[in-house]
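Each chain is listed here by its residues.
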There are 2 protein chains.
Amino acid sequence: IAYSQMKRNKAEMKEIIQLKNYMAEPITPLSQLEKNQDDMKTQMELLIMRIQAEFCRALEKEEDQEAKFKVDRWTRKEGGGGITCVLQDGRVFEKAGVNISVVHGKLPPAAVQQMRSRGKNLQSSELPFFAAGVSAVIHPRNPMVPTIHFNYRYFEVQDKDGVQWWFGGGTDLTPYYLNEEDAVHFHLTLKHACDEHDPSYYPKFKKWCDDYFTITHRGERRGVGGIFFDDVDYPSQKEAFNFVTSCAEAVIPSYMPLVQRHKDDAYGYHERQWQLLRRGRYVEFNLIYDRGTKFGLHTPEARYESILMSLPLNAKWEYMHEPKQNSPEEKLMKVLKEPRDWLNIERNQRATA
Amino acid sequence: IAYSQMKRNKAEMKEIIQLKNYMAEPITPLSQLEKNQDDMKTQMELLIMRIQAEFCRALEKEEDQEAKFKVDRWTRKEGGGGITCVLQDGRVFEKAGVNISVVHGKLPPAAVQQMRSRGKNLQSSELPFFAAGVSAVIHPRNPMVPTIHFNYRYFEVQDKDGVQWWFGGGTDLTPYYLNEEDAVHFHLTLKHACDEHDPSYYPKFKKWCDDYFTITHRGERRGVGGIFFDDVDYPSQKEAFNFVTSCAEAVIPSYMPLVQRHKDDAYGYHERQWQLLRRGRYVEFNLIYDRGTKFGLHTPEARYESILMSLPLNAKWEYMHEPKQNSPEEKLMKVLKEPRDWLNIERNQRATA
């Protein structure tokens with residue numbers, strides 16, 4: 001114990017990193033991470049590296065022996081890079097992508113504009129920035145296992161008045177067949193993660209998630225929601241980081257039990273066809289509405305393969321498809337058209353009011 | 001002959017319409033069409049009805065007996081409506097959609113803004129408009145048969161200074177395997193249609209097509225192009241209409257021979273997989289870049305099923321797919337990355353200069 005304590009005090013970054021079993025070398029050179037150990041940029045990079053590795057290992061554990069993540073470490077000539085991990089055509093996961101990126105450079109004017117429209121006070125139009133984030137989309141093969149998406153990110157923008165920073169992120173679930181117990185388990189796990197930090201977070205970020213993941217032209221949500229937030233720069237940098245850490249750490253316990261429970265469920269041609277149609281809706285949301293995807297694809301020299309990793313391996317569009325009355329497919333659609341208060345938060349609030 | 005001449009002079013709209021064997025009743029009531037026979041709005045509605053019917057019949061002729069277009073005639077509460085014809089899961093055509101719409105009402109401010117950004121001089125922000133158009137996307141099952149898309153439309157906007165009108169449209173081809181003879185035949189047919197009206201049209205509209213159908217983030221075109229134009233309000237309304245008529249009439253001779261030639265070509269799993277990946281790219285273009293799709297989906301109360309009829313029945317996204325060197329797939333990619341001068345127009349121009 002004394003020895004390990006001494007080590008931690010000495011903080012030998014190289015050893016720390018070896019112990020963590022990350023998917024690849026960090027993007028920022030070790031020497032730089034070592035020098036800036038207390039910097040939030042370093043802490044965020046280490047967090048997303050760890051979350052990526054833990055989630056990839058957890059997914060691999062559910063797969064056949066030979067199905068492993070392929071790892072692409074890439075760099076950007078403008079500064080920084082990323083690690084893209086993809087597992088494609090597995091028995092359990094049809095397409096699973098877990099990506100981190102650590103980038104810096106000058107923000108393009110369009111990005112500054114978008115941030116201003118969200119209320120940021122930014123003076124000039126080409127600003128130095130730093131962004132580090134992890135994002136993942138998992139499309140399982142079995143239609144009884146939902147798709148999960150999460151993304152946690154940290155942003156710094158250097159203005160003439162100093163550095164502005166904030167966190168954003170969220171985790172959300174897209175089932176093909178509604179299992180209410182699963183949805184409650186998922187939301188409850190996220191709520192616990194939020195409640196540790198502020199009891200107002202879960203209800204607020206649950207609603208934000210329902211609002212954000214809307215396929216407007218169809219008047220339906222992408223899935224059963226979860227949490228979503230942006231511009232979190234409160235109550236302090238340390239506490240905001242701890243909150244994001246809790247959320248990111250909640251991904252595995254919120255999702256992996258659903259995979260384990262349903263990966264061997266029976267299904268047939270009909271269920272597969274429905275899953276493919278819903279995957280078409282997933283594509284519609286991501287390509288038409290998702291801020292991150294649109295923003296990414298309109299950035300010059302974007303690594304579009306990492307951005308579009310979120311798209312399913314297979315998708316389908318049928319003209320005027322309508323689920324049968326009282327079918328399980330229609331049951332799902334009802335929840336997508338009218339988001340549910342899974343944990344009875346509003347009812348309990350009304351009761352105590 | 002005298003009798004039929006007399007009939008034409010009497011122009012009994014009801015009989016004209018019965019003779020044409022349209023897919024459904026016109027959107028505009030017969031009595032109104034009859035009253036306004038010389039109006040361009042009437043002429044355009046009859047043109048698109050005829051083009052729709054002729055194209056649907058031509059496609060059905062290549063199909064098995066039982067595969068027929070389903071016809072949906074729909075109306076919009078703001079004014080007008082459309083006829084959507086879809087043939088899905090045929091032996092020859094995996095998904096074929098041929099749509100007309102005849103709509104009128106008030107242009108939303110965003111649409112006026114978009115038109116202004118294209119140089120239209122429009123004074124107020126909510127303007128009465130009329131739009132009539134035909135559009136079709138045909139996704140064949142055999143990967144050796146290309147996908148075709150075309151759209152021809154007429155627009156009127158009522159400003160305080162009077163009515164502004166213009167035509168727009170185009171026809172373009174998306175092969176999965178490049179057949180140079182097919183591409184030349186396709187372009188030549190379109191060129192002949194253009195040349196009847198103005199020899200400068202084909203080269204100009206061919207380039208416009210290559211520029212428009214670009215998947216910017218991938219640096220590739222959607223297909224081998226064709227023609228594309230907008231804001232055609234010259235040399236006169238009658239001549240512009242005749243030009244659009246020629247283009248629309250060129251669709252069948254430009255495309256059907258390719259269907260007939262290749263619908264029974266041999267192919268296997270590999271070719272099908274490649275076709276599905278390219279269909280994923282088609283979805284990317286339509287959902288991210290296509291002006292009509294974006295505009296349509298952002299219009300309140302849009303009939304999204306008719307707009308998204310253009311999406312393929314099946315599509316696929318693989319992370320980092322790269323065609324093998326010197327493969328037929330790579331040969332196609334080269335043409336998509338660098339559009340070709342199929343009819344040697346530029347070379348001949350240089351030679352005669």
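The text that follows walks through the structure, step by step, so that each part is easy to find. Just so you know, the residues in each chain are numbered from 1, in the order the chain's sequence is written. A letter from A marks each chain and a number from 1 marks each ligand, given out in the order of writing. Reporting of local features is limited, given that this is a predicted model, to residues whose pLDDT is at least 70; pairs of side-chain atoms are given and counted only at 80 or more, and all residues count toward the totals for whole chains, interfaces and linings. To obtain the side-chain values, all non-hydrogen atoms of the structure were used and water was disregarded.

Helix and strand definitions here come from DSSP, where helices need a minimum of 4 consecutive H or I residues and strands a minimum of 2 consecutive E residues; each element is numbered from the N-terminal end. Counting its regular elements, chain A contains 14 helices and ten strands. All radius of gyration figures rest on C-alpha atoms, and the globule criterion is 2.2 Å times the number of residues raised to 0.38. Expected size for 353 residues packed as a compact globule is a radius of gyration near 20 Å; at 21 Å, chain A falls within 12% of this value. Here the C-alpha coordinates of chain A stretch approximately 60 × 50 × 45 Å along the principal axes. Classification of residues uses two cut-offs on accessible area relative to the type maximum, computed with a 1.4 Å probe and protein chains only: under 20% is buried, over 50% is exposed, and between them is partly exposed. Out of the 353 residues belonging to chain A, those deemed buried represent 56%. Within chain A, contacts between residues separated by at least 24 positions form 71% of all contacts whose residues are at least 6 apart in sequence. Method for areas: the Shrake-Rupley scheme with a 1.4 Å probe, in which residue coverage is limited to the protein chains shown. Counting every atom, chain A has about 15700 Å² of accessible surface; 50% of that belongs to carbon and sulfur. Separation of charge centres in chain A, based on 49 positive and 50 negative side chains, amounts to 1 Å. By definition in these notes, contact holds between two residues if any of their heavy atoms fall within 4.5 Å. His residues and chain termini do not enter the charge count, which takes Lys and Arg as positive and Asp and Glu as negative. Where a charge lies is defined by one atom per residue type: Lys uses NZ, Arg uses CZ, Asp uses CG and Glu uses CD.

Turning to the sheet that holds strand 6 (residues 162–174) of chain B, a few remarks are in order. All names here are of chain B. Think of it this way: DSSP has to see at least two bridges between two strands before they count as a pair. Across the sheet, which stays open at both edges, the seven strands sit in the order 1-2-3-4-5-6-9 with antiparallel pairing between neighbours. Each end of this open sheet is capped by a strand with a single partner; those strands are strand 1 (70–75) and strand 9 (225–232). Put simply, the sheet's adjacent strands are angled 5 degrees from each other on average, direction ignored. As defined by bridge partners, strand 4 (residues 128–140) adjoins strand 5 (residues 147–159) across ten bridges and the pair is classed as antiparallel. Across the sheet, residue F130 finds its bridge partner in strand 5, namely E156. Of the strands in this sheet, strand 3 (93–106), strand 4, strand 5 and strand 6 are in contact with helix 9 (residues 251–262), which crosses strand 5 at around 160 degrees. Each axis is a line fitted through C-alpha atoms, taken for helices only over the stretch in contact, and angles between the N-to-C directions span 0 to 180 degrees.

As a further point, take the interface of chain A and chain B. In this assembly, 30 residues from chain A lie in contact with 30 residues from chain B. A buried area of about 3000 Å², summed over both sides, lies between chain A and chain B, and 58% of it is on carbon and sulfur atoms. As a working definition, buried area equals the accessible area (1.4 Å probe) given up by two parts on being put together, with both sides summed. By the criterion of area lost to chain B, the three top residues of chain A are E305, W317 and Y319 of chain A, representing 27% of everything that side buries. Between Lys or Arg on one side and Asp or Glu on the other, a salt bridge is scored when a side-chain nitrogen of the former is within 4 Å of a carboxyl oxygen of the latter. Inspection of the region where chain A meets chain B yields two salt bridges. Taking the shortest distance from any N to any O, the salt bridge between R218 of chain A and E305 of chain B comes out at 3.9 Å. Residues adjacent in sequence count toward polar contacts only when both atoms are side-chain atoms; beyond that, a polar contact is any pair of N or O atoms within 3.5 Å, and within protein one must be able to donate a hydrogen and the other to accept it. The tally of links between chain A and chain B comes to 13 residue pairs in polar contact (both at pLDDT 80 or more). A per-element tally of the side of chain A that touches chain B places helix 10 (residues 269–289) of chain A first, with five residues. When residue character is reported, Ala, Val, Leu, Ile, Met, Phe, Trp, Tyr, Cys and Pro are called nonpolar, Asp, Glu, Lys and Arg charged, and the others, Gly included, polar. Considered class by class, the residues forming the side of chain A that touches chain B number 15 nonpolar, seven polar and eight charged. As defined by bridge partners, strand 10 (residues 314–316) of chain A adjoins strand 10 (residues 314–316) of chain B across three bridges and the pair is classed as antiparallel. Within the sheet, the bridge partner assigned to A315 of chain A lies in strand 10 of chain B and is A315 of chain B.

What follows concerns the environment of S236 of chain B. Residues and elements named next belong to chain B. Assignment of secondary structure puts S236 in the loop between strand 9 and helix 8 (237–249). Separated by 112 residues in the primary sequence, S236 and N348 have C-alpha atoms spaced 30 Å apart. A polar atom in the side chain of S236 sits 2.9 Å from the side chain of E239.

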